[in-house]
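Observations on chain architecture
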Amino acid sequence: MGLLNGKTALITGGSRGIGEAIVRKFAAEGANVAFTYISSADRSNALIEDLKDTGVTLKAYQSDASSYEQSEELVKQVLEDFGQVDVLINNAGITRDTLMLRMSEEQWDAVLKTNLKSVFNLTKHILRPMMRNRKGSIINMSSVVGVFGNAGQANYAASKAGIFGFTKSIAKEVGSRNIRCNAIAPGFIETDMTKELDEKTKEAFLAGIPMKRLGQGEEVANTCVFLASDHSSYISGQTLSVCGALNC
Ligand code: NAP
């Protein structure tokens, strides 16, 4: 018996990295999973093929989380395909790192749209169906960078800090409807996103991690399982850091 048996989850950015680890873990725990990607169609199909023996229903959707219209269409389609959504994980995110003096308006807008507006887009469209269901768990992927900031990531830090205020507000708005909303703040997790960081930044991060290693997507996914499951039934409006005690 999995911890998520009978639940359906919608996960943005499930084709790679942390999102892929969440898809794998949720399927292993018995959840039906709808996940999105923006360009990794082949990878998404391979992931579904790889998980076909889990016995759960899995479906990938090409959908840009930064688009209000595409998010509305996605939620409609997922509800048609799966009947309900019990868990929403706003995981999709990008970086466009550079120092503020060099940061273009495009770099600012792209990161804010993909990382923060996407959280509004998906939450906005899932909330009414969750209210009708009288239950739901929304999990927003933030970052420790949203708490402490990071030189060269003003756009990213702002987008991730915005998620904290959003998460607490939603928790207060819909708590009475049995809908919970929490954030996760990963530290430095080994994925394609962190491969892009230069060596100097990586070394600085590693030096500051008391556990002296990078985190794995699976360790963030396990936290998502907890926040999606009934084991966290009285936890809402909170942030769980998954960071090996980095900057704590
Ligand atoms: P990643 O390996 O770069 O994967 C990003 C995922 O998001 C991919 O599945 C990508 O789809 C999808 N995506 C990107 N833009 C999208 C859009 N507009 N609409 C829908 N999907 C989109 O990133 P990651 O490291 O796993 O990060 C996942 C989340 O964790 C992000 O929110 C990130 O900010 C956060 N985080 C990561 C770390 C870390 O150390 N890695 C630390 C703290 C927080 P395609 O495959 O189609 O491109």
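In short, a report on the structure. (Residues numbered from 1 in each chain as written. Predicted model: local features only at pLDDT ≥ 70, side-chain atom pairs only at ≥ 80, totals over all residues. Heavy atoms only, no water.)

Some thoughts on the packing of helix 1 (residues 17-28) against helix 2 (residues 41-50)
Taken N-terminus to C-terminus, the directions of helix 1 and helix 2 make an angle of 25°; their axes are 11 Å apart at the nearest point. With respect to helix 2, the axis of helix 1 lies roughly parallel. Of the two elements, helix 1 crosses helix 2, and the hand of that crossing is right-handed. Contacts between helix 1 and helix 2 involve E20, V23 and R24 from the former and R43, L47 and D50 from the latter. Considered class by class, the residues forming the contact of helix 1 with helix 2 number two nonpolar, no polar and four charged. (Axes fitted to C-alpha atoms, helices over the stretch in contact; angles between N-to-C directions. Helix = DSSP H or I, 4+ residues; strand = E, 2+ residues; numbered from the N terminus. Parallel < 35°, antiparallel > 145°, perpendicular 65-115°, else oblique. Left-handed = near helix turned anticlockwise from the far one by under 90°. Contact = heavy atoms within 4.5 Å. Nonpolar A, V, L, I, M, F, W, Y, C, P; charged D, E, K, R; others polar.)

A few points about the site of the ligand
Looking at the ligand, there are 31 residues lining it, with S15, S39, S40, Y156 and T191 nearest. At a separation of 2.8 Å, an oxygen atom of the ligand approaches a polar side-chain atom of R16. In the environment of the ligand, an oxygen atom lies 2.8 Å from a nitrogen or oxygen atom belonging to the backbone of I18. More than half of the atoms of the ligand fall within 2 Å of the grid points belonging to the largest pocket. Those elements that place two or more of their residues in the shell around the ligand are helix 1, helix 6 (154-174) and helix 7 (192-195). Among the elements that make up the shell around the ligand, the one with the highest residue count is helix 7 (three residues). Looking at the shell around the ligand residue by residue, the class counts come to twelve nonpolar, 15 polar and four charged. (Near = heavy atom within 4 Å. Polar contact = N/O pair within 3.5 Å; in protein donor to acceptor, adjacent residues only side chain to side chain. 1 Å grid on protein atoms, 1.4 Å probe; cavity = no way out; pocket = protein on both sides within 12 Å on 5 of 7 lines; lining within 4 Å. Sits in = over half its atoms within 2 Å of the grid points.)

Remarks on the layout of surface pockets
In this structure, the largest pocket encloses a volume near 900 Å³. What lines the largest pocket is a set of 42 residues, and nearest its centre among them are N91, A92, G93, I94 and M193. Residue assignment for the lining of the largest pocket shows that the elements contributing at least two residues are helix 1, strand 2 (32-37), helix 6 and helix 7. Its residues assigned to classes, the lining of the largest pocket shows 16 nonpolar, 19 polar and seven charged. The volume enclosed by the second largest pocket comes to roughly 250 Å³. Surrounding the second largest pocket, F120, T123, K124, H125, L127, R128, P129, M131, R132, F166 and I170 form its lining. Contributing elements (two or more residues each) for the lining of the second largest pocket: helix 4 (105-133) and helix 6. (Points joined across faces, edges and corners; volume = space filled by probe spheres on them.)

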